[in-house]
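# Remarks on the overall topology
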Amino acid sequence: MRTIDRLLWLVALCACSCGRAPSEQVVVYVSTDPHIAQPILQAFERSSGIEVLLVGDTEAKKTTGLVERLRAEREAPVADVFWSSEAMQTVTLADDGVLAPHDDPSLPEWPDSFRDPAGRWFGFSPRPRVIVYHPERLDPAALPLTWEGATDPRWKGRVVLADPRFGTTGGHLGAMLAGWTERGEPERFDAFVTGLARNEARMLPGGNAAVVDAVLRGEADLGFTDADDVRAALRRGLSVAMYYPRHERDGDGGGTFLMPNTVSVVSGAPNRAAAEQLLAFLLSDEVARQLAASESGNIPLAPSIAAEFPELIAPDPFEVDLGAASAHRADAVDRMLRALQAADAMP
């Protein structure tokens, strides 16, 4: 498996535009961390004999850079497959016609809440959205039980989050707005972002990993992040901990938000047959086990596979439609940014 540098990308673009794309390779755009994705793609190469050319993205522009590239290339696609670590921008790409319908009867039955009805995207192996904290500085009993609890004045100046325009933070905000709107309480979202702004929550440019680092350095007490970023720090022997705040205090379906990976075939993929093989492979039990056992600790969707990893089970997943969350994402991000900017402008 190779990572495409700029020269190879230009060669691939020329080949695709001239109709001379090789038949035994597949170009995959991947926003999942390379050290997680590469072993899986190497396993696909071994089992299929198809060469994989990987294009990644930077941590700071996680997912969004690849989404912008896919839009720019829609008239002359270079990528065959899009493997995203974030679902909401994938849904938007599908709605814009950038992703192709895929209906393979050999695929296993897939949960309706983790697939597009037209087969343009499939969600798999989600990661929980969590709050990271330093266990030597904070008593777990003092932590807020819900995400809205981070707006309590006692956390003023002590909350950080990644820039919501990129990566999973914006998708999570979209899920909050969609879920609370569906429950008939859309005003809760504005109260949430206004409360964070009043508490001088800080937006960091370095992604979710930077959120964990800020907590480690003592610059914040609570950090909004993904579970895999906390697990990466724990594997390095660092003193951090995470927990699963709820979106509702009571009732079923109001617990942890799970952000799935998504996989899609790109419309006009130069190597369509190879792309379909890779999509099926990424949705396999083999990959679900590999991602669960990896540093990322992704949660398998199949109950039989999830039972093999009880330590990964997230309590009472937050029930929200991913399509609705995608539709609300841009508005939710805009509201968050405007709230933070308004707070900065106050004397």
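Now for a look at the structure at hand. (Residues numbered from 1 in each chain as written. Predicted model: local features only at pLDDT ≥ 70, side-chain atom pairs only at ≥ 80, totals over all residues. Heavy atoms only, no water.)

## Re the overall build of the protein
The line we're drawing: Helix and strand assignments come from DSSP, with helices taken as H or I runs of at least 4 residues and strands as E runs of at least 2, each series counted from the N terminus. Accessible area is worked out with a 1.4 Å probe on protein chains only. A residue is then buried under 20% of its type maximum, exposed over 50%, and partly exposed in between. Only heavy atoms enter the contact rule, under which two residues are in contact if any of them lie within 4.5 Å. Method for areas: the Shrake-Rupley scheme with a 1.4 Å probe, in which residue coverage is limited to the protein chains shown.
On a plain count of helices and strands, the protein comes out with 12 helices and 11 strands. Based on the C-alpha atoms only, the size of the protein along its principal axes is roughly 60 × 45 × 40 Å. Residues counted as buried form 55% of the 347 residues belonging to the protein. Put simply, of all contacts in the protein between residues at least 6 apart along the chain, 76% involve residues at least 24 apart. Per element, the accessible surface of the protein, about 14300 Å² overall, is 53% carbon and sulfur.

## Points about the packing of helix α3 (residues 64-72) against helix α4 (residues 88-95)
As a reminder, the rule being used: An axis is simply a line fitted to the C-alpha atoms; with a helix, the fit covers only the stretch in contact. Between two such axes, the angle follows the N-to-C directions and lies from 0 to 180 degrees. Our angle categories are set so that under 35 degrees counts as roughly parallel, over 145 as roughly antiparallel, 65 to 115 as roughly perpendicular, and the remainder as oblique. Think of it as three bins: nonpolar holds Ala, Val, Leu, Ile, Met, Phe, Trp, Tyr, Cys and Pro, charged holds Asp, Glu, Lys and Arg, and polar takes everything else, Gly as well.
At their nearest, the axes of α3 and α4 sit 10 Å apart, and the two run at 10° to each other. In terms of orientation, α3 and α4 fall into the roughly parallel class. Between α3 and α4, the contacting residues are T64, V67, L70 and R71 on the first element and Q89, T92 and L93 on the second. In terms of residue class, the contact of α3 with α4 is made up of 3 nonpolar, 3 polar and 1 charged.

## Some points on the side chain of S294
Structurally, S294 can be placed in the loop between α10 (285-293) and α11 (303-306). Overall, S294 belongs to the buried group, its relative accessible area being 16%. Excluding residues within four positions of it along the chain, S294 makes contact with I36 and R235.

## Quick notes on helix α7 (residues 207-216)
Two residues of an α-helix separated by three or four positions point the same way, owing to the 3.6 residues in each turn. Within α7, 7 of the 10 residues are buried, leaving the element largely enclosed by the surrounding structure. Elements in contact with the buried residues of α7: β6 (122-133), β7 (159-162), α5 (167-182), β8 (202-204), β9 (222-226) and α8 (227-235). G218, located one to two residues past α7, shows a positive phi value of around 85°.

## Side note on the nonpolar core
Stated formally: Buried Ala, Val, Leu, Ile, Met, Phe, Trp, Tyr and Cys residues form a nonpolar core when they are joined through side-chain atoms within 4.5 Å.
In terms of nonpolar packing, the biggest core is built from 59 residues, with V26, Y29 and W83 touching the most fellow members. The next biggest cluster of nonpolar side chains, apart from the first, holds 27 residues, and it includes I131, A150, V193 and A201.

## Comments concerning the packing of α5 against helix α6 (residues 187-198)
Their axes nearest at 8 Å, the elements α5 and α6 cross at an angle of 145°. Two secondary-structure elements touch here, α5 through L173, M176, L177 and W180 and α6 through R188, F189 and F192. Looking at the contact of α5 with α6 residue by residue, the class counts come to 6 nonpolar, no polar and 1 charged.

## What to know about the environment of F318
Tracing the backbone through its elements, the reader meets F318 in the loop between α11 and α12 (322-345). Expressed as a C-alpha distance, the spacing of F318 and V91, which sit 227 residues apart in the sequence, is 19 Å. Residues within four places of F318 in sequence aside, it is in contact with A175, M176, G179, R183, H247, G253, G254, G255, T256 and F257.

## Here's the deal with the pairing of β7
In plain terms, the rule: Think of it this way: DSSP has to see at least two bridges between two strands before they count as a pair.
With burial as the criterion, each face of β7 is covered, one bearing V159 and L161 and the other bearing V160 and A162. As judged from the 3 bridges shared by β7 and β9, these two strands associate in the parallel manner. Bridge pairing in β9 links V159 to L222. Pairing analysis gives 3 bridges linking β7 to β8, with the strands arranged parallel. Across the sheet, residue A162 finds its bridge partner in β8, namely L204.

## Here we look at helix α9 (residues 272-282)
Selection rule: This arc is built from the directions going out from the helix axis to the C-beta atoms.
Listing the buried residues of α9 in full gives A274, A275, L278, L279, F281 and L282. Across the axial projection of α9, the buried residues extend over an arc of 160°, all falling on one side. Buried residues belonging to α9 abut β2 (25-30), α2 (34-48), β4 (81-84), β6, β11 (258-266) and α10.

## Describing a negative patch on the surface
Selection rule: Residues form patches when they are more than 30% accessible in relative terms and have no salt bridge. Like charges link within 9 Å. Nonpolar side chains (Val, Leu, Ile, Met, Phe, Trp, Tyr) link within 5 Å. A side-chain nitrogen of Lys or Arg and a carboxyl oxygen of Asp or Glu constitute a salt bridge if their distance falls within 4 Å. When charges are counted, Lys and Arg are positive and Asp and Glu negative, with His and the chain ends excluded. In this description, the location of a charge corresponds to atom NZ of lysine, CZ of arginine, CG of aspartate or CD of glutamate.
Residues E182, D252, E319 and D321 make up a contiguous surface patch of negative charge. Here D252 is to be found in the loop between β10 (241-243) and β11. Among the residues examined, D252 registers a relative accessible area of 76% and is labelled exposed.

## Looking at the pairing of β9
Burial runs high along β9: 5 of the 5 residues are buried. The side-chain alternation of β9 yields two buried faces, one formed by L222, F224 and D226 and the other by G223 and T225. Relative to β9, β6 runs antiparallel, the two sharing 4 bridges. Following the sheet pairing, R129 is matched in β9 by D226.

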